[in-house]
Amino acid sequence: MRDLFAEDRERLKELGPDAMDKAVRNQRRQARRFRERFANNAALMVLSIAAGITVMALAIIILYVLINGAPAIASHFPSFIFTWPHGVNAAGGIWPTIVSTIYVTALAMLIATPIAVLAAVYLAEYAKQGRIVTIIRFAADSLASVPSIVMGLFGLAFFIEAFHIPMSMLSAALALSLLMLPIIMRATEEAIRAVPRYIRWGSYGMGATKWQTVRRVVLPWAMPRIITGLVLAMGRAIGETAVVFYTMGMAINMPVTPLDSGRSMAVHLYMLAVDGINLKSAYGTALILMVVILLLNTLAHAIQRRYRKVR
Amino acid sequence: MTPSVTLRTPDKAPTAVPQQHKKAELTLVSRSTQIKERALSLLFFLCAIVAVLGVVLIFAFVAVRAVPLFKQIGFLNFIAGTKWSVANSQFGVVPFIVGSVVVTAGALAIGAPLAILTALFLSEIAGPRARAVIRPAVELLAGIPSVVYGFFGVTVVAPLVGRMFGGAGFGPLTAWIVLSIMIVPTISMLSEDALDSIPMGIREASFAMGATQWQTIYKVVLPAAKIGIIDATILGMGRAIGETMAVLMIVGNAPQMFAGLTKPIATLTSQIVLGMSYATPGAFQTALFGMAALLFIISMGLVLTVRILSRGKRGTYDA
């Protein structure tokens, strides 16, 4: 019988005694490298798919609201925005809810901004790091994570039942400002901490007091990032439903004074969606809400980008 | 705090009357300036205390309202009671706690991996162009109001789930799908912060030893960012437990024990809203406030957990 491997054996003899080991090792190394590359590619693929799913989820939601909401607005173009809803089906426009939303958000910003910015100034510039600062930080973090329904019930129990403020723009703005407080505080504190130290030294070197330094040097420098935080907090307030529901009510009304009640866009959308009576208006309202949030986010980004270019 | 000797600058802008410039000489800071500085720093302190005050007031006004109930039916019957029946004055919240746990656990099981993988992609793999698309998308997901998510759940996800599994489609499964998308931005953005704070050097060291990208991620980057990612997941959990409007709209709102993925249930948050719409002052309303207090304690507990976890982390990579 012919020896099938005679030739190989001859070659092995020529190559030396550990050639076999070498070949095996080489083969194993290649196999491992292949496995590693395969695992690497598979893992990277999984990561990209996850990112893809996230972006897709956003795209689906935006497209869905856009496709259904655009006709609802377009078919009654200016009137959907600028007329009142009427009848049991809330047919017609959503003008009072837009005004109420803007009113309450502006009022909440007016209340929250000075307190939050000054609180952040305290934390970043004045406070000695210690127990009090730890407590304040913990409180701010907790405030940021309070479920919105709890905040709503608190607003009801505190501002309306204990302080006898009627369900109004004012009570809702007060409750919302508590919600925005930690967001603005964190953004401002980070902005202030990002101000380079030598700029402060320059100001002190010229004899400025602490407050003069903060007001004329630190805050202007930190302003773009503070504004970004404000814009994001604004978006949060506009979309908030539960808090507004319990502190402002749901009466469709055109607010004039801060003690007037009203219904925000988010609450309006909730009522329409739950009752399922006028989905067309619901889509339209959802679209306007989304567009506003989208614009605010874009604005925040634009401010950040511009700021990065300048410095 | 205030340096005792500073150059006194005029308070007015340089456009002021020239006479005032004469005053810009080296003097002790005037008493009035010192008082002003003190007063201001006190004012700032008071502003910072508002946050603490807010938390204390929220807890006081929500929890105090619940106290009469505990006197009436006993704390144990509230927290461990399994029957919720307003007509029989039975206010056991176990069904809602179970509902919240089921909804949150499912949302986390889907949402957390998705979010962490997205964060890894953004921080470790994506080029600038991919990042410029994906990161704003994630931020935008965070900005979409929860009522819009709920609306999407009602009009799209619930009918879809209903068609596939029977029933109306309102239940934990629908809530999982919607909530998991809602918590992705929270977890993803915070995880990415944690990943970005890891110094580039340890990645380079890993690559230099011949590790592949995945080996570097799995054996070097992930362990280094572990605590940050756990923190992010806990905060995402807080978001899921506290989520109100979206859950209310899609979970079915039946005050009964969890019986199946497509059977309607209620969570702590949804039951509060539902109950408040027809609760009259009395035991019923106090029970709802008791549930709100419970939610508040849970969310504070989660924040506290994060604080304690991150305390050990601080200083590890601060070079």
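Residues numbered from 1 in each chain as written. Chains lettered and ligands numbered in written order. Predicted model: local features only at pLDDT ≥ 70, side-chain atom pairs only at ≥ 80, totals over all residues. Heavy atoms only, no water.

Asker: Teacher, can you tell me more about the overall build of chain B here?
Answerer: Across its full length, chain B holds twelve helices and four strands. Taken over 319 residues, chain B has a buried fraction of 49%. Of the contacts formed within chain B by residues at least 6 apart in sequence, a portion of 66% connects residues at least 24 apart. For chain B, the exposed surface amounts to about 14,800 Å²; the carbon and sulfur share of it is 67%. (Helix = DSSP H or I, 4+ residues; strand = E, 2+ residues; numbered from the N terminus. Buried < 20%, exposed > 50% of the residue type's maximum accessible area, 1.4 Å probe, protein only. Contact = heavy atoms within 4.5 Å. Areas by Shrake-Rupley, 256 points an atom, 1.4 Å probe, with all protein chains shown as cover.)

Asker: What's the story with helix H11 (residues 265–275) of chain A in this structure? I'm lost.
Answerer: Spacing of three or four residues puts side chains on the same side of an α-helix, whose turn is 3.6 residues. All names here are of chain A. Where burial is concerned, most of H11 is hidden: nine out of the eleven residues are buried. Taken together, the buried positions of H11 are Met265, Ala266, Val267, His268, Leu269, Tyr270, Met271, Leu272 and Ala273. A positive phi of about 60° marks Gly276, the residue just after H11.

Asker: Got a minute to help me understand unusual backbone geometry in this structure?
Answerer: The bulk of non-glycine residues show a negative phi, and the bulk of peptide bonds are trans. We note that His164 of chain A has phi near 55°; this positive angle belongs to a residue other than glycine. The class for His164 of chain A is exposed, based on a relative accessible area of 64%. Look at Asn253 of chain B: it is not a glycine, yet its phi comes out positive at around 55°. Mapped onto the fold, Asn253 of chain B is located in the loop between helix H10 (245–250) and helix H11 (268–276).

Asker: Teacher, can you tell me more about the interface of chain A and chain B here?
Answerer: Interfaces are often described in size by the accessible area the parts lose on coming together. Counting residues at the interface gives 80 residues for chain A, matched by 76 residues for chain B. Close ionic contact of Asp141 of chain A with Arg307 of chain B constitutes a salt bridge, the shortest N to O distance being 3.3 Å. Counting every contact that joins chain A to chain B gives twelve residue pairs in polar contact (both at pLDDT 80 or more). Per-element accounting of the side of chain A that touches chain B gives the leading share, 20 residues, to helix H2 (residues 19–74) of chain A. Residue composition of the side of chain A that touches chain B, grouped by class: 60 nonpolar, 14 polar and six charged. (Salt bridge = Lys/Arg side-chain N within 4 Å of Asp/Glu carboxyl O. Polar contact = N/O pair within 3.5 Å; in protein donor to acceptor, adjacent residues only side chain to side chain. Nonpolar A, V, L, I, M, F, W, Y, C, P; charged D, E, K, R; others polar.)

Asker: Would you take a moment to explain a negative patch on the surface for this structure?
Answerer: All names here are of chain A. On the surface, Glu7, Asp8, Glu10 and Glu14 cluster together to form a negatively charged patch. Along the chain, the position of Glu7 falls in helix H1 (residues 6–15). According to the relative accessible area criterion, Glu7 is exposed, its value standing at 66%. (Patch = residues over 30% accessible without salt bridge, like charges linked within 9 Å, V, L, I, M, F, W, Y side chains within 5 Å. Lys, Arg positive; Asp, Glu negative; His and termini not counted. Charge placed at Lys NZ, Arg CZ, Asp CG, Glu CD.)

Asker: Whenever I open this one, the pattern of salt bridges confuses me. Can you help?
Answerer: As enumerated under the stated definition, the model contains ten salt bridges over all chains in all. For Glu240 of chain A, the salt bridge identified is with Arg236 of chain A, shortest N-O distance 3.8 Å. Of the charged contacts, one joins Glu192 of chain B and Arg135 of chain B as a salt bridge, the two residues approaching to 2.3 Å between their closest N and O atoms. With Glu192 of chain B in helix H6 (residues 172–196) and Arg135 of chain B in helix H4 (residues 128–143), this pair connects stretches of sequence that are 57 residues apart. Through salt bridges with shared partners, a single network forms among Arg137, Glu189 and Arg193 of chain A.

Asker: Explain a nonpolar patch on the surface to me, please; I cannot follow it from the model alone.
Answerer: On the surface, a cluster of nonpolar side chains totalling about 230 Å² of accessible area is made up of Leu12, Met20 and Val24 of chain A. When you line up the elements, Met20 of chain A lands in helix H2.

Asker: Teacher, can you tell me more about the packing of helix H6 (residues 148–162) of chain A against helix H7 (residues 169–193) of chain A here?
Answerer: When two helices pack together, their arrangement is given by the angle between the helix axes and by the axis-to-axis distance. Residues and elements named next belong to chain A. Where H6 contacts H7, the two axes come as close as 10 Å, and the packing angle between them is 130°. By the criterion of interaxial angle, the relationship of H6 to H7 is oblique. For the pair H6 and H7, the sense of crossing is right-handed. Side by side, H6 and H7 meet where Met151, Phe154, Gly155, Phe159 and Ile160 of the first sit next to Ser171, Leu174, Ala175, Leu178 and Leu179 of the second. Of the residues assigned to the contact of H6 with H7, the class counts are eight nonpolar, two polar and no charged. (Axes fitted to C-alpha atoms, helices over the stretch in contact; angles between N-to-C directions. Parallel < 35°, antiparallel > 145°, perpendicular 65-115°, else oblique. Left-handed = near helix turned anticlockwise from the far one by under 90°.)

Asker: Please explain a positive patch on the surface as it appears in this structure.
Answerer: Residues and elements named next belong to chain A. On the surface, a cluster of positive charge is made up of Lys22, Arg25, Arg29, Arg33 and Arg37. If you trace the backbone, Arg29 turns up in helix H2. According to the relative accessible area criterion, Arg29 is partly exposed, its value standing at 45%.

Asker: How do you make sense of the environment of Leu160 of chain B when you look at a structure like this?
Answerer: Residue and element names in this part refer to chain B. With respect to the element layout, Leu160 can be found in helix H5 (residues 146–165). For Leu160, a relative accessible area of 46% puts it in the partly exposed group. Remark: the alpha-carbon pair of Leu160 and Ile183, spanning 23 residues in sequence, is separated by 21 Å.

Asker: Any chance you could explain the nonpolar core here in plain terms?
Answerer: A general trend in soluble globular proteins is that nonpolar side chains are found buried together. With 171 residues, the main nonpolar core has Val150, Met185 and Tyr270 of chain A together with Ile58, Trp84, Tyr149 and Met291 of chain B as its most contacted residues. For this core, the leading source of residues is helix H4 (residues 95–126) of chain A, giving 16 residues. There are two domains that each give this core at least three residues, and those are domain 1 (6–68) and domain 2 (80–310) of chain A. Setting aside chain neighbours within four positions, we find Met291 of chain B in contact with Phe78, Trp84, Val93, Phe96, Leu268, Gln271 and Ile272 of chain B. Within the second largest apolar cluster, 17 residues are counted, among which are Ala51 of chain A together with Ala119, Ala126 and Ile134 of chain B. (Core = buried A, V, L, I, M, F, W, Y, C linked by side-chain atoms within 4.5 Å. Domains from an automatic or database assignment.)

Asker: Can you walk me through the domain arrangement of chain A in this structure?
Answerer: Residue and element names in this part refer to chain A. Domain parsing of chain A yields domain 1 (6–68) and domain 2 (80–310). Averaged C-alpha coordinates put domain 1 and domain 2 at centres separated by 49 Å. Contacts between the two partners involve six residues from domain 1 and, on the opposite side, five residues from domain 2. Interface area for domain 1 against domain 2, summed over the two sides, is near 520 Å², with a carbon-plus-sulfur share of 81%. On the domain 1 side of the interface with domain 2, the three residues burying the most area are Ile62, Val65 and Asn68, jointly 69% of the side's total. On inspection of domain 1 and its partner domain 2, the count reaches zero salt bridges. On inspection of domain 1 and its partner domain 2, the count reaches one residue pair in polar contact (both at pLDDT 80 or more). Of the residues assigned to the side of domain 1 that touches domain 2, the class counts are five nonpolar, one polar and no charged. (Buried area = accessible area lost by both parts, 1.4 Å probe.)

Asker: It is not clear to me how the packing of aromatic side chains should be interpreted in this structure. Could you clarify?
Answerer: Two aromatic rings, taken as a pair, are described by how far apart their centres are and by the angle between their planes. In the structure shown here, the tally under the stated rule is 24 aromatic pairs over all chains. Pairwise contacts between aromatic rings join Phe154, Phe158, Phe159 and Phe163 of chain A together with Phe61 of chain B into one cluster. (Phe/Tyr/Trp six-rings, centres within 6.5 Å; stacked < 30°, edge-to-face > 60°.)

Asker: What exactly am I supposed to notice about the side chain of Thr118 of chain B here?
Answerer: Along the chain, Thr118 of chain B turns up in helix H3 (residues 94–125). Residue class for Thr118 of chain B comes out buried when judged on its relative accessible area of 0%. Ignoring sequence-local partners within four residues, the contact set of Thr118 of chain B consists of Ala50, Ala51 and Thr54 of chain A together with Ile134, Val138 and Ser188 of chain B.

Asker: Hey, could you run me through the confidence of the model for chain B in this one?
Answerer: Interpreting fine coordinate detail is not advised for predicted regions of low pLDDT. All names here are of chain B. Mean pLDDT for chain B: 85, with 89% of residues reaching 70 or above. The model gives residues 1–26 a pLDDT under 50, and that stretch makes 32 contacts with residues more than four places away or in other chains. Note that pLDDT drops below 50 for residues 315–319; the model gives that stretch two contacts with residues more than four away or on any other chain. For this predicted complex, the interface score ipTM comes out at 0.87, alongside a pTM of 0.86. (pLDDT = per-residue confidence, 0-100.)

Asker: Just checking my understanding: could you explain the environment of Phe77 of chain A for this structure?
Answerer: Locating Phe77 of chain A in the fold gives a position in helix H3 (residues 77–82). Separated by 16 residues in sequence, Phe77 of chain A and Gly93 of chain A place their C-alpha atoms 9.6 Å apart.

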